[in-house]
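Notes for the structure review
Here are the chains, one letter per residue:
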Amino acid sequence: MALSNNVIGAINFVAMLLSIPIIGAGIWLATEQDNSCVKILQWPVIILGILILIVALAGFIGGFWRIPWLLVFYLVAMLLLIVLLVVLVVFVYMVTIRGSGHIEPSRAYLEYRLDDFSGWLRRRVQRSYKWDRIRSCLSSTSMCAELNQSYRMAQDFFNAHLTPLQSGCCKPPTQCGYTFVNPTYWISPINNAADMDCLQWSNDQTQLCYSCDSCKAGLLANLRKEWRRADIVMIVTLVALISVYLIGCCAFRNAKTEDLFRKYQQGYT
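Below or above, wherever it landed, is the structure these notes cover.

**Here's the deal with the overall build of the protein**
The helix and strand tally for the protein stands at 11 helices and four strands. Looking at the protein as a whole, 45% of its 269 residues qualify as buried. Taking the contacts inside the protein whose residues are at least 6 apart along the sequence as the reference set, 68% of them involve residues at least 24 apart.

Structure, rendered in structure tokens:
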């Protein structure tokens, strides 16, 4: 019985360690420029990681100090958390399955279109009251100003590998036909009615293309890339957590069997 309980305690110590990558993924998302403006995924991930840590700690205490009700709580609560983690992993995969960039002639960077992304992600940025807050947050960053420091010549800029956010928010869409002066200052063509985003562009450094659909698409492309990275971390952790949980269930069952056998022996002595 003591051996099985020690095994359960050790298994739950491993489960505690497995909560660290999940919490770390959430903290990483929270520190990213775009995620800090949108605030969608990071807190569910962090909270789920903390709950896994707390439940695993309860199992660790219950195993080493032989507290049966804590072990039962661990088995039930951890199963629910694993199910929640599975749901979160599948959800992130489904909402990020769409949304690749488009190649433009003579450009190293990609262009992004809002319609390419999942409906759930689009709804996070299409409503004006939501986008006004996000736009204000994005415009307060230095991501566009940094381009002016890095690229002086047009060809250097066209050969640059911009982030989706920079491509969508810091310059007009390529199809608009604007003439390059510097990365955030462009001369308007005579006819710029090819797209509504062409009319939205402003050389005002506080406006730029932050009201453009291309900026919303660039934000979603950035989110998609970062969320998929976090999803990979959660998938690996999920597989390890399921393995640890199954081993813990076997150890708990063995402990109960040994306890029944011990009581049976005591009844005959």
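**Considering the packing of helix α3 (residues 42-64) against helix α4 (residues 68-95)**
Two elements in contact, α3 and α4, have axes whose closest approach is 9 Å; the angle formed by their N-to-C orientations is 155°. Comparing their axes, α4 and α3 come out roughly antiparallel. Considering how the two elements wind past one another, α3 and α4 form a crossing that is left-handed. Contacts between α3 and α4 involve V45, L48, L51, I52, V55, A56, A58, G59, I61, G62 and G63 on the former and, on the latter, L70, L71, F73, Y74, A77, M78, L81, L84, L85 and L88. For the contact of α3 with α4, the residue count by class is 18 nonpolar, three polar and no charged.

**Side note on helix α5 (residues 119-126)**
Restricting attention to buried positions, one finds in α5 the residues L121, R122, R124 and V125. Here the buried residues of α5 occupy an arc of 150° about the axis, which is enough to place them on one side.

**Considerations on the packing of α5 against helix α6 (residues 128-139)**
Helix-helix packing is characterised by the crossing angle of the two axes and by the distance between the axes. Remark: α5 packs on α6, axes separated minimally by 6 Å, with the N-to-C direction vectors making an angle of 75°. It follows that α5 is roughly perpendicular to α6 by the angle criterion. Across from R123, R124, V125 and Q126 in α5, the residues of α6 making contact are S128, K130, W131 and I134. When its residues are assigned to classes, the contact of α5 with α6 shows three nonpolar, two polar and three charged.

**With respect to the packing of aromatic side chains**
For the coordinates displayed, the defined rule picks out 12 aromatic pairs. The interplanar angle of 45° and the centroid separation of 6.1 Å between the aromatic rings of F13 and F60 together place this pair among those described as tilted. Of this pair, F13 sits in helix α1 (residues 2-31) while F60 sits in helix α3, and the two are 47 residues apart along the sequence. A ring pair is formed by Y151 and F157, whose centres lie 6.0 Å apart and whose planes are at 75°; its orientation type is edge-to-face. Overall, the relative accessible area of 22% leaves Y151 in the partly exposed class. Looking at F157, the relative accessible area reads 0%, which means it is buried. The ring of F158 is capped by R107, whose NZ or CZ atom sits 3.7 Å from the centre of that ring. Taking the ring centre of W120 as reference, the NZ or CZ of R124 above it sits at 4.5 Å.

**A short note on unusual backbone geometry**
Although it is not a glycine, K39 adopts a positive phi angle of roughly 60°. Counting through the fold element by element, K39 comes out in the loop between α2 (33-38) and α3. Taking relative accessible area as the criterion, K39 reaches 54% and is therefore assigned exposed.

**A look at the nonpolar core**
Of all hydrophobic cores here, the largest spans 72 residues; its most connected members are M78 and L138. The dominant element in this core, judged by the number of residues it contributes, is helix α11 (residues 213-267), at 15 residues. Not counting chain neighbours up to four residues away, the residues in contact with L138 comprise C37, W131, M143, L165, Y210 and C215.

**As for a nonpolar patch on the surface**
A contiguous nonpolar surface patch, about 490 Å² in accessible area, is contributed by W43, I47, I50, L51 and I54. In this fold, W43 is placed in helix α3.

**Quick word on the side chain of D231**
Turning to its location among the elements, D231 is positioned in helix α11. Among buried Asp, Glu, Lys and Arg side chains, D231 stands out as unpaired, with R228 the closest opposite charge at 6.6 Å. Discounting chain neighbours no more than four positions away, the residues touching D231 are L88, V89, V92 and Y93.

What counts and how
Residues numbered from 1 in each chain as written. Predicted model: local features only at pLDDT ≥ 70, side-chain atom pairs only at ≥ 80, totals over all residues. Heavy atoms only, no water. Helix = DSSP H or I, 4+ residues; strand = E, 2+ residues; numbered from the N terminus. Buried < 20%, exposed > 50% of the residue type's maximum accessible area, 1.4 Å probe, protein only. Contact = heavy atoms within 4.5 Å. Axes fitted to C-alpha atoms, helices over the stretch in contact; angles between N-to-C directions. Parallel < 35°, antiparallel > 145°, perpendicular 65-115°, else oblique. Left-handed = near helix turned anticlockwise from the far one by under 90°. Nonpolar A, V, L, I, M, F, W, Y, C, P; charged D, E, K, R; others polar. Arc of directions from axis to C-beta. Phe/Tyr/Trp six-rings, centres within 6.5 Å; stacked < 30°, edge-to-face > 60°. Lys NZ or Arg CZ within 6 Å of the ring centre and 35° of its normal. Core = buried A, V, L, I, M, F, W, Y, C linked by side-chain atoms within 4.5 Å. Patch = residues over 30% accessible without salt bridge, like charges linked within 9 Å, V, L, I, M, F, W, Y side chains within 5 Å. Areas by Shrake-Rupley, 256 points an atom, 1.4 Å probe, with all protein chains shown as cover. Salt bridge = Lys/Arg side-chain N within 4 Å of Asp/Glu carboxyl O. Lys, Arg positive; Asp, Glu negative; His and termini not counted.

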